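Now for the letters of each chain:
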Amino acid sequence: MTLQNELRRKLAGAGFGIQQIRPLSCGDDSTAYLCDDLYVVKVPKREAVKKTQALEFQLYRFLESYSFPCEIPKVVYQDSSFHMMTYLKGERLTYDNYHRLSEREKDRLACEEAEFLRALHSVQIPSDHPLFLDLKLETKDRFQRDQEALLKILETENRLTPDRRAWIDQLYRDLFSMDFLFEYRPCLVHNDYSADNMIYRNNRLAGVIDFGDAAIGDPDNDFLCLLDNSTDDFGKDFGRRVLRYYGHPHPEIAERKAEINDAYWPIQQILLGCSRKEAQLFHEGLQGLEMVRF
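Here's a quick rundown of the structure. (Residues numbered from 1 in each chain as written. Predicted model: local features only at pLDDT ≥ 70, side-chain atom pairs only at ≥ 80, totals over all residues. Heavy atoms only, no water.)

1. With respect to the packing of helix H10 (residues 265-275) against helix H11 (residues 279-289)
At step 1: Viewed as axis vectors pointing N to C, H10 and H11 meet at an angle of 150 degrees, and their least axial separation amounts to 7 Å. The orientation of H10 relative to H11 falls into the category roughly antiparallel. Taken as a pair, H10 and H11 cross one another with a handedness that is left-handed. Along the contact surface, H10 presents Trp265, Pro266, Ile267, Gln269, Ile270, Leu272 and Gly273, while H11 presents Leu281, Phe282, Glu284, Gly285, Leu286, Gly288 and Leu289. (Axes fitted to C-alpha atoms, helices over the stretch in contact; angles between N-to-C directions. Helix = DSSP H or I, 4+ residues; strand = E, 2+ residues; numbered from the N terminus. Parallel < 35°, antiparallel > 145°, perpendicular 65-115°, else oblique. Left-handed = near helix turned anticlockwise from the far one by under 90°. Contact = heavy atoms within 4.5 Å.)

Next comes the structure, spelled out in structure tokens:
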């Protein structure tokens, strides 16, 4: 029995008479299926992803009591092997399409994205709520864990030369010396706020999806993709517009954090390549490690 037929059988048993199931996307962690243009089913690829998805859907339930200026997914059904949520209809906005917009349309879009971020960053999760502990992400703790994991991986792979060890130690000394990276008021962040996770209708922000990386951490995390120069998003000028409408008190610091995040990518490649067992990603990170500069 194919996975799609198995899904149809399980959903029928739960009272959902789904007629059509088709693949929607295939990511690193899960495969998503579209059901009758109404629901999205996410199927985790690894056992470890199940916990992450359960947290994501727990967050969606928590956020049902909050009002946002655009749609976010709502939980429809959960099973031990998959999760189902509402499908937000619309389209993606590409880099080229964005740059065809008028200045007025670009400003309007930046204002809408800033409004969403202000609403999200205002959400209060009580410290005694299980989500608070599960989602809490301190930047300093993250760097410390990354450093330990990086050294362990390279040692296991017989790639930890004395020179490389000294270089890694210096990189993290540089990071830990930058006090502005750790001076923030923690709040709920999407943590992957990029064009890939935004739904548009008529060049207006209609929805935000994929809260799988959500955390309670640095609000500037939600500007990292927006301030990227790549064509994956809309360019740094758009990120600066969002910062302005958001009312960020120190936009230059947000931009500096984005630059550091870009420079950190080879380290992330090594860590992700190892955890996902993707040799090419691992080796690309290893090749770029000595080029990292903050």
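2. Focus on the pairing of strand E5 (residues 83-86)
Put simply, side chains in a regular strand alternate between the two faces of the sheet.
At step 1: Where strand E3 (residues 39-44) and E5 come together, four bridges link them in antiparallel fashion. Across the sheet, the residue bridging to Lys42 is His83, located in E5.
At step 2: Bridge analysis of strand E4 (residues 75-78) against E5 gives three bridges, and the strand direction is antiparallel. When the bridges of E5 are listed, Val75 appears paired with Met85.
At step 3: Remark: four residues form the turn of the hairpin made by E4 and E5, two consecutive strands paired antiparallel. (Pairing = 2+ DSSP bridges.)

3. Regarding the packing of aromatic side chains
At step 1: Tallied over the entire structure, the rule returns 21 aromatic pairs.
At step 2: Between Phe57 and Tyr60 the ring centres are 5.4 Å apart and the planes differ by 75 degrees, which places this aromatic pair in the edge-to-face class. Residue Phe57 and its partner Tyr60 are both found in helix H2 (residues 47-63); the two are separated by three residues, about one turn of the helix.
At step 3: Assessed through its relative accessible area of 0%, Phe57 is described here as buried. (Phe/Tyr/Trp six-rings, centres within 6.5 Å; stacked < 30°, edge-to-face > 60°. Buried < 20%, exposed > 50% of the residue type's maximum accessible area, 1.4 Å probe, protein only.)

4. Remarks on the environment of Asp37
At step 1: Mapping Asp37 onto the fold places it in the loop between strand E2 (30-35) and E3.
At step 2: Overall, the relative accessible area of 33% leaves Asp37 in the partly exposed class.
At step 3: When the C-alpha atoms of Asp37 and Arg22 are compared, they prove to be 9.4 Å apart, with 15 residues separating the residues in sequence.
At step 4: Every residue in contact with Asp37, bar those within four places of it in the chain, is listed here: Arg22, Tyr87 and Lys89.

5. Let's talk about the layout of surface pockets
At step 1: Within this model, the second largest pocket holds a volume of roughly 470 Å³.
At step 2: Along its surface, the second largest pocket is lined by 24 residues, and Tyr184, Arg185, Pro186, Cys187 and Pro219 are the ones closest to its centre.
At step 3: Where the lining of the second largest pocket is concerned, the elements lending two or more residues are strand E6 (187-189) and helix H9 (251-263). (1 Å grid on protein atoms, 1.4 Å probe; cavity = no way out; pocket = protein on both sides within 12 Å on 5 of 7 lines; lining within 4 Å. Points joined across faces, edges and corners; volume = space filled by probe spheres on them.)

6. Here's the deal with the pairing of strand E1 (residues 21-26)
At step 1: Bridging between E1 and E2 involves five bridges; their strand directions are antiparallel. Its bridge partner lying in E2, Pro23 is registered against Tyr33.

7. Description of the pattern of salt bridges
At step 1: Evaluation of the coordinates by the stated rule reveals 22 salt bridges.
At step 2: Arg276 serves as the salt-bridge partner of Asp28, at 2.7 Å between the closest nitrogen and oxygen. Taken together, the positions of Asp28 in the loop between E1 and E2 and Arg276 in the loop between H10 and H11 put the pair 248 residues apart, joining distant regions of the chain.
At step 3: Taking relative accessible area as the criterion, Asp28 reaches 39% and is therefore assigned partly exposed.
At step 4: The partner of Arg241 in a salt bridge is Asp107, and the shortest N-O contact between them spans 3.0 Å. Taken together, the residues span a long stretch of sequence, with Arg241 in helix H8 (residues 236-246) and Asp107 in helix H4 (residues 103-121) at a distance of 134 residues.
At step 5: A relative accessible area of 23% places Asp107 in the partly exposed class. (Salt bridge = Lys/Arg side-chain N within 4 Å of Asp/Glu carboxyl O.)

8. Description of the sheet that holds E2
At step 1: As summarised here, the arrangement of the five strands in space is E1-E2-E3-E5-E4, forming an open sheet in which the pairing is antiparallel. The open sheet has two edge strands, E1 and E4, and neither has a second partner. Averaged over neighbouring strand pairs, the angle between their axes works out to 25 degrees when direction is ignored.

9. Focus: the nonpolar core
At step 1: With 49 residues, the main nonpolar core has Leu59, Leu63, Leu109, Phe116, Ile125 and Phe211 as its most contacted residues.
At step 2: Of all the elements in the fold, those that place two or more residues in this core are E2, H2, H4, helix H5 (130-135), strand E7 (198-201), strand E8 (204-208), H8 and H9.
At step 3: Excluding residues that lie within four positions of it along the chain, Phe211 makes contacts with Glu56, Leu59, Tyr60, Leu63, Ile72, Pro73, Phe116, Leu120 and His190.
At step 4: Counting 23 residues, the second largest nonpolar core, distinct from the first, contains Leu181, Leu289, Val292 and Phe294. (Core = buried A, V, L, I, M, F, W, Y, C linked by side-chain atoms within 4.5 Å.)

10. Quick word on unusual backbone geometry
At step 1: With a phi close to 65 degrees, Asn203 is a non-glycine residue in the positive phi region.
At step 2: Structurally, the position occupied by Asn203 is in the loop between E7 and E8.
At step 3: Judged by relative accessible area, which is 27%, Asn203 ranks as partly exposed.
At step 4: Of note in this structure, Lys277 is not a glycine but carries a positive phi near 60 degrees.
At step 5: With a relative accessible area of 75%, Lys277 lands in the exposed category.

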